[in-house]
Amino acid sequence: MSDPQPDTSRMRQLPDPIRWDKGNVVIIDQTLLPHKEKFISSKNYREVCEWIKSLRIRGAPAIGIAAAYAATLAAFELKSKDKIDSRLDQALSEIQKTRPTAVNLKNILVRLKKISLSGNIAEIFLNESNKILNEEIEACKKIGQFGLELVPEKATILTHCHTGGLATGGYGTALGIIRAAHEAGKDILVLADETRPLLQGARLTAYELQKLGIKFKLIVDGASGIAMKRFRVDLVAVGADRIAANGDTANKIGTYNLSVLCKENKVPFYIAAPSSSFDLTAKSGHDIPIEERSADEVTSFQSCRSAPEGVSVYAPAFDVTPRENISAFVTEKGIIRNPFEENIGKAMVSP
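Scoring rules and cut-offs
- Residues numbered from 1 in each chain as written.
- Predicted model: local features only at pLDDT ≥ 70, side-chain atom pairs only at ≥ 80, totals over all residues.
- Heavy atoms only, no water.
- Pairing = 2+ DSSP bridges.
- Helix = DSSP H or I, 4+ residues; strand = E, 2+ residues; numbered from the N terminus.
- Axes fitted to C-alpha atoms, helices over the stretch in contact; angles between N-to-C directions.
- Contact = heavy atoms within 4.5 Å.
- Core = buried A, V, L, I, M, F, W, Y, C linked by side-chain atoms within 4.5 Å.
- Buried < 20%, exposed > 50% of the residue type's maximum accessible area, 1.4 Å probe, protein only.
- Lys, Arg positive; Asp, Glu negative; His and termini not counted.
- Salt bridge = Lys/Arg side-chain N within 4 Å of Asp/Glu carboxyl O.
- Parallel < 35°, antiparallel > 145°, perpendicular 65-115°, else oblique.
- Left-handed = near helix turned anticlockwise from the far one by under 90°.
- Arc of directions from axis to C-beta.
- Expected span 1.5 Å × (residues − 1).
- Bend = angle between axes of the 7 residues up to and from the residue.

### What to know about the sheet that holds strand β2 (residues 24–28)
Turning to step 1, where the next piece is worked out: Pairing within the open sheet is antiparallel, and its three strands lie in the order β1-β2-β3. The strands lining the two open edges of the sheet, one partner per strand, are β1 (18–21) and β3 (39–42). The average angle at which neighbouring strand axes cross in this sheet is 25°, direction not considered.
Turning to step 2, where the next piece is worked out: The pairing of β2 with β3 spans four bridges and is classified as antiparallel. Paired with I27 across the bridge in β3 is I40.
Turning to step 3, where the next piece is worked out: Sitting on the sheet, helix α1 (residues 45–53) touches β2 and β3, and the angle it makes with β3 is about 140°.

In structure tokens form, the structure reads like this:
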């Protein structure tokens, strides 16, 4: 039986989240979406670091790509020749510290350090960064195709945070599965969690789904349980910022809650992520650092205060979903099922 051909009439264009243009890194400022599509550019690696910290670019694969281009800018700025000298090494350390949880950033910087250097290091970094961008886009498209088999012809899918093209360099991970199902002609309804405190679901997932013409309903995070029953959710698909060797997975805060709801309601819970999001040096979720964000992100939104002055705040950006709550991982290498520890190791060493 031949693979289903995508309906090209359902394919719509989204803005590029990141690109290299004549010596500049160019991104769409995600903090301004959905109200304004504004592109910003820079030749300064520290400015790109600030974009990553302030979530002007976000999503684990996308910040990995941004880190690669930041390293390239640093090599050009510091006029590095044919080796990583002490100044460039310090710049790479600065880039790595911008976001501690998403492992893509670390993995990509390690990759840049390992590549064979036989010429101008800045040009080598640039070529490798462009390659990384293209690899991430292709990985997401493969994730979408592998994920198709998990989606019924008529399906309601619940997702959390934002995992689309803007978060990945292009196409998307969990949203890539949804997008592939839509392009294949499946009848899809998406329930998108708003994703407090920064509303990535309300601002970015809704923005992309609307652009792509995919049916969806936006729900508050606290409505996920009742929505599962009311709309008879067939599966939950989310992304990942770091996946440990045993399958424990760090993702946007609120993901663990969803996994528990899925377990209670017997709904499959899938993680969609490229191989760059796996960290085999982390044996379990206990080894994954969890970034804590500013209290202002909880007490205010876009300069409008929503909590009393002086309140105490706990603001983790991520939580860890234990492997026993996960049905399978969808990667560009295929679907990884239990036993996770054994099968993740096999998948990650395969070509």
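### Examining the nonpolar core
Turning to step 1, where the next piece is worked out: Core analysis: the biggest nonpolar cluster contains 43 residues, and I18, V25, I95 and F125 have the highest contact counts within it.
Turning to step 2, where the next piece is worked out: Of all elements in the fold, only β1, β2, α1, α2 (60–77), α3 (86–96), α4 (103–114) and α5 (121–147) reach the threshold of two or more residues within this core.
Turning to step 3, where the next piece is worked out: Sequence-distant contacts of F125, defined by excluding residues within four places in its chain, comprise A71, T72, A75, I84, L88, L92, L112 and I115.

### A short note on the side chain of R203
Turning to step 1, where the next piece is worked out: Tracing the chain through its elements places R203 in helix α7 (residues 200–212).
Turning to step 2, where the next piece is worked out: D29 is the oppositely charged side chain nearest to the buried, salt-bridge-free R203, at an N-O distance of 7.4 Å.
Turning to step 3, where the next piece is worked out: Apart from the residues within four sequence positions on either side, R203 is in contact with Q30, T31, L33, P34, L198, F301 and Q302.

### Focus: the packing of α4 against α5
A pair of packed helices is characterised by two quantities: the angle between their axes and the separation of those axes.
Turning to step 1, where the next piece is worked out: The geometry of α4 relative to α5 is characterised by a closest axis approach of 11 Å and an angle of 140° between their N-to-C directions. Between α4 and α5, the angle falls in the class oblique. Crossing handedness for the pair α4 and α5: right-handed. Contact residues: N104, I108, R111 and L112 in α4; F125, E128, K131, I132, E135 and E136 in α5.

### Thoughts on the sheet that holds strand β8 (residues 242–244)
Turning to step 1, where the next piece is worked out: Read across the sheet, four strands follow the order β11-β8-β9-β14 without closing on themselves; strand pairing throughout is mixed. One side of each edge strand has no neighbouring strand; the edge strands of this open sheet are β11 (278–279) and β14 (318–321).
Turning to step 2, where the next piece is worked out: The pairing of β8 with β11 spans two bridges and is parallel. When the bridges of β11 are listed, A244 appears paired with D279.

### Quick word on the pattern of salt bridges
Turning to step 1, where the next piece is worked out: According to the stated counting rule, one finds 18 salt bridges in the structure shown.
Turning to step 2, where the next piece is worked out: Across the pair E128 and R111 runs a salt bridge whose closest N-O atoms are separated by 2.9 Å. Remark: R111 occurs in helix α4 and E128 occurs in helix α5; sequence separation between them is 17 residues.
Turning to step 3, where the next piece is worked out: What makes E128 buried here is its relative accessible area of 13%.
Turning to step 4, where the next piece is worked out: Of the charged contacts in the structure, one is a salt bridge between R323 and E341, with a shortest N-O distance of 3.5 Å. Highlighted residues: R323 in the loop between β14 and β15 (328–331) and E341 in helix α11 (residues 340–349), separated in sequence by 18 residues.
Turning to step 5, where the next piece is worked out: Note on R323: relative accessible area 32%, which makes it partly exposed.
Turning to step 6, where the next piece is worked out: Within the structure, one salt-bridge network assembled from shared partners comprises R99, E291, R293 and E297.

### Quick look at α11
Turning to step 1, where the next piece is worked out: The complete set of buried residues in α11 reads F340, I344, A347 and M348. Axial view of α11: buried residues confined to an arc of 95°, hence all on one face. Exposed and facing more than 90 degrees away from the buried side of α11 are K346 and V349.
Turning to step 2, where the next piece is worked out: Buried residues along α11 sit against β8, β11, β15 and β16 (334–336).

### Structural notes on unusual backbone geometry
Where the residue is not glycine, phi is negative for most of them; where a peptide bond is considered, it is trans in most cases.
Turning to step 1, where the next piece is worked out: A cis amide bond, omega 5°, links R196 with the succeeding residue P197.
Turning to step 2, where the next piece is worked out: Relative to the elements of secondary structure, P197 occurs in the loop between β5 (187–193) and α7.
Turning to step 3, where the next piece is worked out: Look at the link from N338 to P339: it is a cis peptide, with omega at 0°.
Turning to step 4, where the next piece is worked out: Despite not being glycine, L55 has its phi angle at roughly 65°, a positive value.
Turning to step 5, where the next piece is worked out: Its location among the elements puts L55 in the loop between α1 and α2.
Turning to step 6, where the next piece is worked out: Judged by its relative accessible area of 9%, L55 is buried.
Turning to step 7, where the next piece is worked out: With phi around 60°, C161 is a residue other than glycine that occupies positive phi space.
Turning to step 8, where the next piece is worked out: Of note, C161 is situated in the loop between β4 (154–159) and α6 (174–183).

### As for α7
Turning to step 1, where the next piece is worked out: Over its 13 residues, α7 extends 17 Å from the first C-alpha to the last, a length consistent with the 18 Å expected when each residue adds 1.5 Å.
Turning to step 2, where the next piece is worked out: The sharpest bend along α7 measures roughly 25° and falls at A206.
Turning to step 3, where the next piece is worked out: The buried count for α7 comes to ten of 13 residues, which makes it a mostly enclosed element.
Turning to step 4, where the next piece is worked out: Within the span of α7, buried status applies to Q200, G201, R203, L204, T205, A206, Y207, E208, L209 and L212.
Turning to step 5, where the next piece is worked out: Of the residues flanking the end of α7, it is G213, one or two places downstream, whose phi is positive at about 75°.

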